[in-house]
Amino acid sequence: MKTKYYQINYANEVTKLNVEKQQLIKFLEENIRKRLDTIKFDKEQDTIEELEKIISRQLGELNAFQEVLDFINKGGKE
């Protein structure tokens, strides 16, 4: 009887983790799309240096999201 309980409990936990993984993947993909869509120049920024800082920060965020997404899609293995 205990074995069945543990098997059901394990299956429930695995299902829960898979749902959470899919939610995380969706979150990351949406944020990557948003970052790509919003990498725009602020019209008030008037120097190349300021524009470079903005672009660099936005690309850094995009790369971080992409790295996490890639890691998850590889099953957490590198």
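In this text, all values refer to a predicted model and were calculated from it rather than measured experimentally.

Q: Can you help me understand the overall build of the chain in this one?
A: Broken down by element type, the chain carries two helices and zero strands. When burial is assessed residue by residue, the chain has 14% of its 78 residues classed as buried. Sequence separation of at least 24 residues holds for 59% of the intrachain contacts in the chain that already meet a minimum separation of 6.

Q: Just to check I follow, could you spell out the side chain of Asn31 for this structure?
A: If you trace the backbone, Asn31 turns up in helix H1 (residues 2–38). Here the side chain of Asn31 touches Phe27 through a polar contact of 2.9 Å, landing on its backbone oxygen.

Q: Can you help me understand helix H2 (residues 48–73) in this one?
A: Over its 26 residues, H2 extends 37 Å from the first C-alpha to the last, a length consistent with the 38 Å expected when each residue adds 1.5 Å. Buried residues of H2: Leu51, Ile54, Gln58, Leu62, Phe65, Leu69 and Ile72, and no others. Looking at the residues trailing H2, positive phi occurs at Gly75, about 80°.

Q: Sorry if this is basic, but what is going on with the packing of aromatic side chains here?
A: The relative placement of two aromatic rings is captured by the distance of their centres and the angle of their planes. Here the structure, examined in full by the defined rule, presents one aromatic pair. An angle of 75° between the planes, with centres 6.2 Å apart, marks the rings of Phe27 and Phe65 as edge-to-face. In this pair, Phe27 is assigned in helix H1 and Phe65 in helix H2, connecting sequence segments 38 residues apart.

Q: Please clarify how the nonpolar core should be interpreted in this entry.
A: One recurring pattern in soluble globular proteins is that nonpolar side chains are buried together. In terms of nonpolar packing, the biggest core is built from seven residues, these being Ile25, Leu28, Ile32, Leu62, Phe65, Leu69 and Ile72. Going through the elements one at a time, H1 and H2 are the ones with two or more residues in this core. With four residues, the single largest contributor to this core is H2.

Q: What should I look at first to understand a nonpolar patch on the surface in this one?
A: Together, Leu24, Phe27 and Val68 make up a nonpolar patch on the protein surface, roughly 240 Å² of accessible area in all. Residue classification places Phe27 among the partly exposed residues on the basis of a relative accessible area of 44%.

Q: What exactly am I supposed to notice about the pattern of salt bridges here?
A: Two side chains with opposite charge may pair up if their charged atoms get near one another. Under the criterion given, the structure shown has one salt bridge. Notably, a salt bridge pairs Arg57 with Glu61, separated by 3.6 Å at the nearest N-O pair. Here the residue Arg57 and the residue Glu61 both occupy positions in helix H2, the gap between them amounting to four residues, near one helical turn.

What counts, and at which threshold
Residues numbered from 1 in each chain as written. Predicted model: local features only at pLDDT ≥ 70, side-chain atom pairs only at ≥ 80, totals over all residues. Heavy atoms only, no water. Helix = DSSP H or I, 4+ residues; strand = E, 2+ residues; numbered from the N terminus. Buried < 20%, exposed > 50% of the residue type's maximum accessible area, 1.4 Å probe, protein only. Contact = heavy atoms within 4.5 Å. Polar contact = N/O pair within 3.5 Å; in protein donor to acceptor, adjacent residues only side chain to side chain. Expected span 1.5 Å × (residues − 1). Phe/Tyr/Trp six-rings, centres within 6.5 Å; stacked < 30°, edge-to-face > 60°. Core = buried A, V, L, I, M, F, W, Y, C linked by side-chain atoms within 4.5 Å. Patch = residues over 30% accessible without salt bridge, like charges linked within 9 Å, V, L, I, M, F, W, Y side chains within 5 Å. Areas by Shrake-Rupley, 256 points an atom, 1.4 Å probe, with all protein chains shown as cover. Salt bridge = Lys/Arg side-chain N within 4 Å of Asp/Glu carboxyl O.

Read these as geometric descriptors, not functional statements.
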